[in-house]
Amino acid sequence: MPQMTVDGRTLALSHLDKVYYPRTGTPKGEVLRYYAAVHTALLPHLRDRPVSFLRCPDGVAAEVFVAKNPPPGTPGWVRTVEVPSNSGELRQVVLEDGAGLLSVVNLGCLELHVPQWHAAAPGLADRLVLDLDPGAGADVLTCRTVAGLLRERLAADGLEPCVKTSGGKGLHLLVPLEPTPSARVSAYAKELAAELEAARPELVVHTMAKARRTGRVLVDWSQNSAKKTTAAPYTVRARERPTVSAPLSWAELDAAGSAAELVFTIAEVPERLAAGGDPLGPLLDPARARPLPSAAPHRAPRRSTTGAGTPGGRDPVVLTPPVEVMRPAAVTAVPSADGLGGAGVLYELKLDGFRCVAFARGPDRPPFLQSRSGRDLAAEFPPIAAAVARLPAGLVLDAELVAWRGGRFAFEELLRTRRDGAAADVALGLVAFDLLALPGRDVRALPLADRRRLLLAPLGEVPPPVQPVLATTDRAEALTWMEQLADTGVEGLVCKAAGSAYRPRGADRVWVKYRRGDTVDATVRAVTGPPARPRAVVLELDDGRVLLSSPPLSPLQSRQVAELAAGRLGAPVHDPQYGDVRPLTVPLRAEVTVTGRPPTARFVRLRGD
């Protein structure tokens, strides 16, 4: 059986000589070679989107059918996700590499169709699509005229479409959007199509009735529904000839002299790609995404370029404190690059500091440094507050507030600084590892890989103390960093699914932390001894066990616990196991080591806020 090695996996291919397109004599092997040639351009358009297939296992002249579930024979290493469905549980394939793509094509999956949303955020569209379908007597050049009108109309709302052929007789317009509920995108697209029909009834219809479509172009807005899909860029089509849904530049579309010049087959597209790159590149750039207008299209005013902060004078601050944060789960081993769901992993250095969500709120509002418990740390760390105040208004960073002294991270200096101010030889820093908002734009629904790219852009020109965390997608490189930087106080790695949205619920499935040492996190539920000089703490481990710290707290530990527990202690009660204790009305988090049988919990330190 013929074999092909793609992205490190060897695939067994079958029936390469089977004719898929009788009219042109095109065999299955040529279709596989086409997908192998274009997969690096195609896959980014499929990233984290569940794929539906049009299957033609015996060619386009035989049975052709839609498949949503993974086709029989799909390798176990191909990622699948659960997708909302009215008919019960539905699992669909998510294609992440060339091997996965070619494995399903080998199973007869000819066409690839995807929704306008990501698997991490079902029903939250990040693009708008308009399918231009010519009726009898019209053609792709008629569609070109309609596309130009729609392009101008979308520009009035601050939206810039990309264009591709449908692979048949029509065109597809695709617009990058900030994540927006699919129902709202669909309503906007419908009104846009109805508005154009009202303005040009001799050219455009927006309803499906075929009797009205002669000589006109249907602007099909319905594919914006969360339940619908659209032919993916670069997909082969199951038509008489092996045509492709081919991306175009607007200049190329305008220059076409005939409909035939806008038909592309699997023999032509790889060469086009090699010569000119992907014309749909802007669709993949999260910085190009724009908000959908809040008004209905026919009432939407042209966007003003005046006003402060964002286009149209909108308030750039879209997130206000407090926000719920994602918390990684502790693990005992660093996950592999295809772990955490299989969409890739971003490995970040785990630093020793205070969790801090930094809100830049502009010149008229002070910055807010949200601690783990929701308090504002700005007054306790003025240099960091001043640095955040200089960032663009509306920027919100999830970060670690750290102190650096003597060539290493010094957690104890954070405790001392909040009480006495920073010593002359202590440098404070804010190391950002995630982006929650840009000016005028909440980006939490975007995949982490996109948020990381957007994070690096505003911080590229920002001097210390604000800087991005060191991160990589290479597991071996991350492990090397962790060992080489151990002497600086780097604790370990935080590992995150590259396709994960910023959703606190379920964070433990997509964010994990690996600590080099033998410490674990615990919750301080109560203290024993005088409030000003606690002797021990009652700890609840994350697995539910409750232990009393032993040996007794050191003087420095006792002072730290007393300072942070002040104002949180309830009235003393008698515990039958631990004696007289004072419960905490608001719990604190601590780092401890647990050893022995029965287990003993040695207190290491509190985790600040």
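Residues numbered from 1 in each chain as written. Predicted model: local features only at pLDDT ≥ 70, side-chain atom pairs only at ≥ 80, totals over all residues. Heavy atoms only, no water.

Caption draft 1: Highlighting helix H2 (residues 98-106). A large share of H2 lies buried, amounting to nine of its nine residues. Those residues of H2 not exposed but buried are Gly98, Ala99, Gly100, Leu101, Leu102, Ser103, Val104, Val105 and Asn106. Among the structural elements, strand S1 (3-6), strand S2 (9-12), strand S3 (19-21), helix H1 (28-46), strand S5 (52-55) and strand S9 (109-114) are those in contact with the buried residues of H2. Two residues or fewer past H2, Gly108 is found with a positive phi of approximately 90°. (Buried < 20%, exposed > 50% of the residue type's maximum accessible area, 1.4 Å probe, protein only. Helix = DSSP H or I, 4+ residues; strand = E, 2+ residues; numbered from the N terminus. Contact = heavy atoms within 4.5 Å.)

Caption draft 2: Inspection of the pairing of S1 at higher detail. With four bridges connecting them, S1 and S2 associate as antiparallel partners. Its bridge partner lying in S2, Gln3 is registered against Ala12. (Pairing = 2+ DSSP bridges.)

Caption draft 3: Structural context of the pattern of salt bridges. For the coordinates displayed, the defined rule picks out 32 salt bridges. Across the salt bridge formed by Arg153 and Asp157, the nearest N and O atoms sit 3.3 Å from each other. The exposure class assigned to Arg153 is buried, which follows from its relative accessible area of 16%. As a salt-bridge pair, Arg355 and Asp398 come within 2.8 Å of each other at their nearest N and O atoms. Taken together, the residues span a long stretch of sequence, with Arg355 in strand S19 (residues 354-359) and Asp398 in strand S21 (residues 396-405) at a distance of 43 residues. Among the residues examined, Asp398 registers a relative accessible area of 0% and is labelled buried. Within this structure, Lys350, Asp352, Glu491, Glu591 and Arg605 form a network of salt bridges that share partners. (Salt bridge = Lys/Arg side-chain N within 4 Å of Asp/Glu carboxyl O.)

Caption draft 4: The arrangement of the packing of H1 against H2 in detail. Where H1 meets H2, the closest approach of the two axes is 9 Å, and the angle between their N-to-C directions is 150°. Between H1 and H2, the angle is such that the two are roughly antiparallel. In this structure, H1 meets H2 at a crossing whose hand is right-handed. Contact residues: H1 offers Lys28, Val31, Leu32, Tyr35, Ala36, His39 and Leu43, while H2 offers Gly98, Leu101, Leu102, Val105 and Asn106. (Axes fitted to C-alpha atoms, helices over the stretch in contact; angles between N-to-C directions. Parallel < 35°, antiparallel > 145°, perpendicular 65-115°, else oblique. Left-handed = near helix turned anticlockwise from the far one by under 90°.)

Caption draft 5: The confidence of the model for the protein chain, seen in detail. Mean pLDDT over the protein chain stands at 89; residues scoring 70 or higher make up 95%. In this model, residues 298-312 is a region of pLDDT below 50 whose contacts with residues beyond four sequence positions or in other chains number 27 contacts. (pLDDT = per-residue confidence, 0-100.)

Caption draft 6: Looking closely at the nonpolar core. Among the nonpolar cores identified, the biggest contains 76 residues, and Tyr35 and Leu132 are the most heavily contacted of them. Here this core takes nine residues from H1, the largest share from any one element. With 51 residues, the next largest nonpolar core counts Ala360, Ala385, Leu391 and Leu397 among its residues. (Core = buried A, V, L, I, M, F, W, Y, C linked by side-chain atoms within 4.5 Å.)

Caption draft 7: Expanded view of the packing of aromatic side chains. Applying the stated criterion to the full structure yields six aromatic pairs. Taken together, a centroid distance of 6.2 Å and an interplanar angle of 80° make the contact between Phe359 and Phe368 edge-to-face. With relative accessibility at 16%, the residue Phe368 sits in the buried group. The structure contains a cluster of three or more aromatic residues connected by ring pairs, namely Phe354, Phe381 and Phe411. The ring of Phe264 has Arg272 sitting right over it, with the charged end atom 4.1 Å from the ring centre. For the cation-ring pair, Arg605 lies above Phe411, with the distance from its terminal atom to the ring centre recorded as 4.2 Å. (Phe/Tyr/Trp six-rings, centres within 6.5 Å; stacked < 30°, edge-to-face > 60°. Lys NZ or Arg CZ within 6 Å of the ring centre and 35° of its normal.)

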